[in-house]
Amino acid sequence: MVPQKTPELSENTVLMIAVRDQRDRNAFASLFDFFAPRLKGFIMRSGTSNHQAEELVQEVMLTVWRKAEQFDPHRAQVSAWVYQIARNRQIDLFRKESRPVPEELKEDPASEPDASQLLAVEQEAGHLRKALAELKPEQRDIIEKAYLGELTHQQISEETGLPLGTIKSRIRLGLERLRHELKDLKT
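A brief report on the enclosed structure follows. (Residues numbered from 1 in each chain as written. Predicted model: local features only at pLDDT ≥ 70, side-chain atom pairs only at ≥ 80, totals over all residues. Heavy atoms only, no water.)

### Some remarks on the overall build of the protein chain
(1) Moving on: For the protein chain, the helix and strand inventory stands at nine helices and zero strands.
(2) Moving on: Traced from its N-terminal end to its C-terminal end, the protein chain shows the element sequence α-α-α-α-α-α-α-α-α.
(3) Moving on: Counting every position in the protein chain, which comprises 187 residues, the buried fraction comes to 34%.
(4) Moving on: In the protein chain, 57% of the contacts between residues at least 6 apart in sequence involve partners at least 24 apart.
(5) Moving on: Roughly 11700 Å² of accessible area belongs to the protein chain as shown, and the carbon and sulfur atoms make up 52% of that amount. (Helix = DSSP H or I, 4+ residues; strand = E, 2+ residues; numbered from the N terminus. Buried < 20%, exposed > 50% of the residue type's maximum accessible area, 1.4 Å probe, protein only. Contact = heavy atoms within 4.5 Å. Areas by Shrake-Rupley, 256 points an atom, 1.4 Å probe, with all protein chains shown as cover.)

### Thoughts on helix 3 (residues 50–66)
(1) Moving on: The end-to-end C-alpha separation of helix 3 is 24 Å, in line with the 24 Å expected for 17 residues at 1.5 Å each.
(2) Moving on: Among all positions of helix 3, only Gln52, Ala53, Leu56, Val57, Val60, Met61, Thr63, Val64 and Trp65 are buried.
(3) Moving on: Looking at the packing, one finds that the buried side of helix 3 touches helix 1 (11–22), helix 2 (25–44) and helix 4 (78–96). (Expected span 1.5 Å × (residues − 1).)

### Some points on the pattern of salt bridges
(1) Moving on: Applying the stated criterion across every chain yields a total of eight salt bridges.
(2) Moving on: Here Glu59 ties to Arg89 by a salt bridge, and the two come within 3.9 Å at their closest N and O atoms. One end of the pair, Glu59, is in helix 3; the other, Arg89, is in helix 4, with 30 residues separating them in the sequence.
(3) Moving on: Across the pair Lys145 and Glu159 runs a salt bridge whose closest N-O atoms are separated by 2.5 Å. One end of the pair, Lys145, is in helix 7 (residues 137–148); the other, Glu159, is in helix 8 (residues 153–160), with 14 residues separating them in the sequence.
(4) Moving on: What you see here is one network of salt bridges that share partners, running through Asp141, Lys145 and Glu159. (Salt bridge = Lys/Arg side-chain N within 4 Å of Asp/Glu carboxyl O.)

### Some details on the packing of aromatic side chains
(1) Moving on: In the structure shown here, the tally under the stated rule is six aromatic pairs.
(2) Moving on: With centroids separated by 5.2 Å and ring planes inclined at 65°, the aromatic side chains of Phe28 and Trp65 adopt a geometry described as edge-to-face. Taken together, the residues Phe28 in helix 2 and Trp65 in helix 3 connect sequence positions 37 residues apart.
(3) Moving on: Accessibility expressed as a relative area gives 18% for Trp65, which makes it buried. (Phe/Tyr/Trp six-rings, centres within 6.5 Å; stacked < 30°, edge-to-face > 60°.)

### Quick notes on the side chain of Thr63
(1) Moving on: Within the element layout of this structure, Thr63 appears in helix 3.
(2) Moving on: Look at Thr63 and you get buried, because its relative accessible area is 8%.
(3) Moving on: Within the structure, Thr63 has its side chain in polar contact with the backbone oxygen of Glu59 (distance 2.9 Å).
(4) Moving on: For Thr63, the side chain forms a polar contact with the side chain of Arg89, separated by 2.6 Å.
(5) Moving on: Not counting residues up to four positions away in its chain, the partners in contact with Thr63 are Ala68, Ile85 and Arg89. (Polar contact = N/O pair within 3.5 Å; in protein donor to acceptor, adjacent residues only side chain to side chain.)

Here's what the structure looks like:
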């Protein structure tokens, strides 16, 4: 059973607390579904192969499950905690392979965004999720494959069987709708 969400806690924080306090497998599955594709993209951007990225994601999420008791919502947002685990695993992999650590992974942890910045990012992500949910299902599906699944237009066409022009049109129309829905977020 997932605890009642309070206004000051994000959905992911509530899920992580359920994993930490109750070893809630459903909450963990939701966290896995949310973070796995994002972590894979994050990891692959530093030059890690698709196969290694998938293995690292598995390791990171296993660590999240095993070390859930160490999560403290007062110290960090769930996303910051999970990405720090991913960053550390990546650095370990690069060192193990005697590869140079990419510059973006060398950043000083003290330069990490503070809680208010992370909260703002999570709030913006919430607005984006809401705007995505309001898209037509066929537009949302294609946009999620392109941007969250990081598939090329050609790969989406092959996967769905839709013509390339249809894929491009749905992405263009969906992005226009998202821009319209999110225009008030710009500062």
